[in-house]
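What follows is the residue order along each chain.
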Amino acid sequence: MDLRQIKIFVAIAETGSFSAAADAVALTQSTVSQHISSLEEEMEVPLFNRLSRGISLTTGGTLFLRHARRILRESDALSQAMCSFRGLERAELIVGASNIPANYLVPQLLSTMKQEHPGISLTMLTGDTTEVLTMLEGAEIELALVGSRSDNSEIIFSPLIKDPLVLVVGSTHRWAESGPIEIDKLLSEPIIMRETGSGSGQSLDVALRLVGHDPAKLKIAARLGSNEAVLQAVASGYAGAFVSELSVKSWKNAAELKRVEIDGLFVERKIWMARARGRTFSPAAEAFSKMLRNRYKNK
């Protein structure tokens, strides 16, 4: 049984004859008869009474008609839903983002998305880089924006934007006006870090190892779960911290922070767009990723 047979059956039931149904579905009368014979054979019951004066539905045919009409309505609804999906007239998209892209990249894109694709409804799940990539692996999200990449071969990473980490201290800190400092001084001073698993922490570890220093020697005064909390603590004079350059530029109280250069250390990182290998993007995810690339290209 297939949809064509069901459509032919409903056409016969509604027109009252095989010949009229054949015209309605653009088939020959013999072809229509063959389809109905196959359908009756499969159902193992006659669907039509064939009389000299015409046809009528059997009791089984009446039952079949009720369900057949329901199937065709659902088929039409499915077709309409997929057309909307392809045309982005109404589409739901779930993405994941670590702290920096969640706060400083995605919100700036929403007005563009509203103008270009008003039918997309966006849900953004947040966490540290490790948590977001776990969501991606588990198919909880279609697309991820994270501050570092992993060596997981099942995830494809594409660079989106450069976002170096910079050392900042409060305006009253003794390094605020000191000029560049040496790495040894950095290792002797308490600093604030993001939570374990964050992209910023991973990037700092890599940068220190590249210049021959052990990240384990850092004196970590606190680990805080958000970039905003880190900046607030730094501004209060508690300790210094390596933070996203994007976040420093956007922070409302940026005047309370002082950037400190470190001789021989540059913490370079990127924000990455990640997708699961072998998993096809929905049209909404494709449109969203295109908007991201267009917005942040050459940055």
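See the structure printed just above.
Residues numbered from 1 in each chain as written. Predicted model: local features only at pLDDT ≥ 70, side-chain atom pairs only at ≥ 80, totals over all residues. Heavy atoms only, no water.

We now examine the packing of helix α2 (residues 18–25) against helix α3 (residues 29–43). The geometry of α2 relative to α3 is characterised by a closest axis approach of 8 Å and an angle of 100° between their N-to-C directions. Taken as axis vectors, α2 and α3 run roughly perpendicular relative to one another. Residues Phe 18, Ser 19, Ala 22 and Val 25 of α2 touch α3, and the partners they reach there are Gln 29, Val 32, Ser 33 and Ile 36. For the contact of α2 with α3, the per-class residue count stands at 5 nonpolar, 3 polar and no charged. (Axes fitted to C-alpha atoms, helices over the stretch in contact; angles between N-to-C directions. Helix = DSSP H or I, 4+ residues; strand = E, 2+ residues; numbered from the N terminus. Parallel < 35°, antiparallel > 145°, perpendicular 65-115°, else oblique. Contact = heavy atoms within 4.5 Å. Nonpolar A, V, L, I, M, F, W, Y, C, P; charged D, E, K, R; others polar.)

Once that is clear, we can look at the sheet that holds strand β6 (residues 155–162). One open sheet holds the 5 strands; their spatial order is β4-β3-β5-β12-β6, and the pairing between them is mixed. On the outer flanks of this sheet lie β4 (120–126) and β6, each paired with one strand and no other. Shown here is a sheet whose adjacent strand axes are inclined to one another by a mean of 25°, direction ignored. Here strand β3 (residues 91–97) runs beside strand β5 (residues 143–146); their pairing, made up of 3 bridges, is parallel. (Pairing = 2+ DSSP bridges.)

A word on the nonpolar core. In terms of nonpolar packing, the biggest core is built from 28 residues, with Leu 143, Leu 145, Phe 288 and Leu 292 touching the most fellow members. Elements with a minimum of two residues in this core: β3, α5 (99–104), α6 (106–116), β5, β6, β12 (270–276) and α12 (283–296). For this core, the element with the most residues is α12, which contributes 7 residues. Excluding its chain neighbours within four sequence positions, the residues that come into contact with Leu 292 are Leu 109, Leu 143, Leu 145, Leu 160 and Met 273. Counting residues in each nonpolar core, the second largest holds 20 residues, with Leu 186, Leu 204, Phe 242 and Val 260 among its members. (Core = buried A, V, L, I, M, F, W, Y, C linked by side-chain atoms within 4.5 Å. Buried < 20%, exposed > 50% of the residue type's maximum accessible area, 1.4 Å probe, protein only.)

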